[in-house]
Amino acid sequence: MKPLATVTPNTWEFLRDPMIAPTGFREYDARWKYPDEINLPGMTSLGLGLGTQMRRRGIAPVIAVGNDYRDYSLSIKNALIVGLVQAGIAVKDIGPALSPMAYFAQFHLDVPAVAMVTASHNPNGWTGVKMGFERPLTHGPDEMAELRDIVLNGEGQPAAGGSYEFVDGVREAYLDDLVGDFRMTRKLRIVCATGNGTASAFAPELFERLGVEVIPSHNELDYTFPNYNPNPEAMEMLHDMADSVKAHGADMALGFDGDGDRCGVVDDEGEEIFADKVGVIMARDLSKLYPGSTFVADVKSTGLFASDPELQRNGVTADYWKTGHSHMKRRVKEIGALAGFEKSGHYFLAEPIGRGYDCGMRVAVEICKLMDRNPGQSMSDLRKALPKTWSTPTMSPYAADTEKYDILDRLVQKLVAKYNAGETFAGRTIKEVVTVNGARVILDNGSWGLVRASSNTPNLVVVCESSDSEAEMRAIFADIDAVIRTEPGVGDYDQTI
């Protein structure tokens, strides 16, 4: 049967009939508020649809399935598994996991497909699924649109041959793979910040095995998230990490989001380094080992990937691409890049460093290796060596899921019109407006401001960077916000400067 968009809670029908809000099918994964926007029968319909999609595409009918550490994730995963088995899929359940552990399981178990039940960094009350068929890739817009149509049109097809198997030991194999034979040769004291999320079951042990002294920060598993929602892009978590560094005199803090595919960094001086700048630090180090490399950066990221003199000396090619873990993974693979860096903290380290999927634990290992290769330098030294820029955090004003893309289309038109009319922005000439993913307004000195639609939440996304001054950064934000405010459907920001 076709899922319904709404079913009244606490009714017979709610426990029987599938309910799926269409807005949950996003650009590169699925996200819903549970149980407001999807119920357990709806999740079973999703599993049946995903299995049907596998069969239509000729994918071998075997899938690795995991779930993050939230009180409702196991029930949701089990409902998804019922649908997959109905579709004739052999399910290999790896248990509680990080998203990158589920991606690793595709390689470790040699299975073609993955479905990870996770709300990612979203707060409690959200759920979703990250899925993929072609390792290390995950669904992009085409695959998500196909899956949405199969599910919402009731086209899921039951098939024989479905089975279920719980596979133990994947967590241990994942950690073994991350550590390898590497051990630190310099002393390093790291604040390990996990916000009581799933990474609490991985990161402290990982650091200890690397030979790092661990300073724990909210490392007890607690799916109520009593301290803050684990999201290393949020200033609340970064400020807490900075306080811990200062209190303990640590060399840095590394923090992980709810499903462990992102890593945030605070240096030894308590300076919160935005993830795109950490990406430049890593690119500088990696380009010494692999000269002439190509690095992909998302459109929210600093312009330093293209303008940094040291990267230029090392023959680096910078490629700016669409924001989103599926877009970035696909781009890294398509052009043979060594790595991709996203401002949100998703990093995609390809062979010979990683396997191309986003893994916060792998990033943490590589940062430790970077520090080991630079024994005379602190993380703050590496930060200060970068050309100075002034950038905002990622700021997200509310825009309803049903309206945000139409709003964005109009905002892009308005910003392009300013460029075509020769208008100034923050008192400077507009050099170009890049519209590969929203609108990135680039000024004649390389400073820029971006507005795009969030793929995961009912928001727009705004980021600004100046190569000149904090005052110019604020002026860029003021001018881009003035255009945004012409749209009555845009609400308040989650955080601002």
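A quick note: this is a predicted structure, and the numbers were derived from the prediction, not measured. (Residues numbered from 1 in each chain as written. Predicted model: local features only at pLDDT ≥ 70, side-chain atom pairs only at ≥ 80, totals over all residues. Heavy atoms only, no water.)

(A) Molecular detail of helix α14 (residues 404-420). For α14, spanning 17 residues, the distance from its first C-alpha to its last is 24 Å, which sits close to the expected 24 Å at 1.5 Å a residue. Taken residue by residue, α14 has Lys404, Ile407, Leu408, Leu411, Val412 and Leu415 as its buried positions. Projected onto a plane normal to the axis of α14, the buried residues spread over an arc of 135° and lie on a single side. Facing away from the buried surface of α14 by more than 90 degrees, the exposed residues are Gln413 and Asn420. (Helix = DSSP H or I, 4+ residues; strand = E, 2+ residues; numbered from the N terminus. Expected span 1.5 Å × (residues − 1). Buried < 20%, exposed > 50% of the residue type's maximum accessible area, 1.4 Å probe, protein only. Arc of directions from axis to C-beta.)

(B) Representation of the nonpolar core in the model. Counting 70 residues, the largest nonpolar core has Phe207, Leu254, Met361 and Ile367 as its most contacted members. The element contributing the most residues to this core is helix α12 (residues 360-373), with 8 residues. Once residues within four sequence positions are removed from consideration, Met361 is found in contact with Leu98, Tyr174, Leu178, Ala199, Phe202, Ala203, Leu206, Phe256 and Gly260. Counting 33 residues, the second largest nonpolar core, distinct from the first, contains Ala21, Ala30, Leu46 and Val91. (Core = buried A, V, L, I, M, F, W, Y, C linked by side-chain atoms within 4.5 Å. Contact = heavy atoms within 4.5 Å.)

(C) Looking closely at the UniProt feature "domain: Alpha-D-phosphohexomutase C-terminal" (unreviewed entry) in the protein chain. Using the residue numbers shown here, the UniProt feature "domain: Alpha-D-phosphohexomutase C-terminal" (unreviewed entry) corresponds to residues 433-482. What you have in residues 433-482 is 26% helix and 40% strand, and the ends, taken at the C-alpha atoms, are 17 Å apart. (UniProt positions renumbered as here; feature names shortened; annotations may be inferred.)

(D) Quick peek at the pattern of salt bridges. Within the structure shown, the criterion is met by 44 salt bridges. The residue Arg330 makes a salt bridge to Glu143 at a minimum N-O spacing of 3.6 Å. Here Arg330, found in helix α11 (residues 325-335), pairs with Glu143, found in helix α4 (residues 141-152); they are 187 residues apart in sequence, far enough to count as distant. A salt bridge links Lys418 to Glu423, with the nearest nitrogen and oxygen atoms 3.0 Å apart. Residue Glu423 is classed as partly exposed on the basis of its relative accessible area of 37%. Linked through salt bridges whose partners overlap, the residues forming this network are Arg171, Glu172, Asp176, Glu205 and Arg209. (Salt bridge = Lys/Arg side-chain N within 4 Å of Asp/Glu carboxyl O.)

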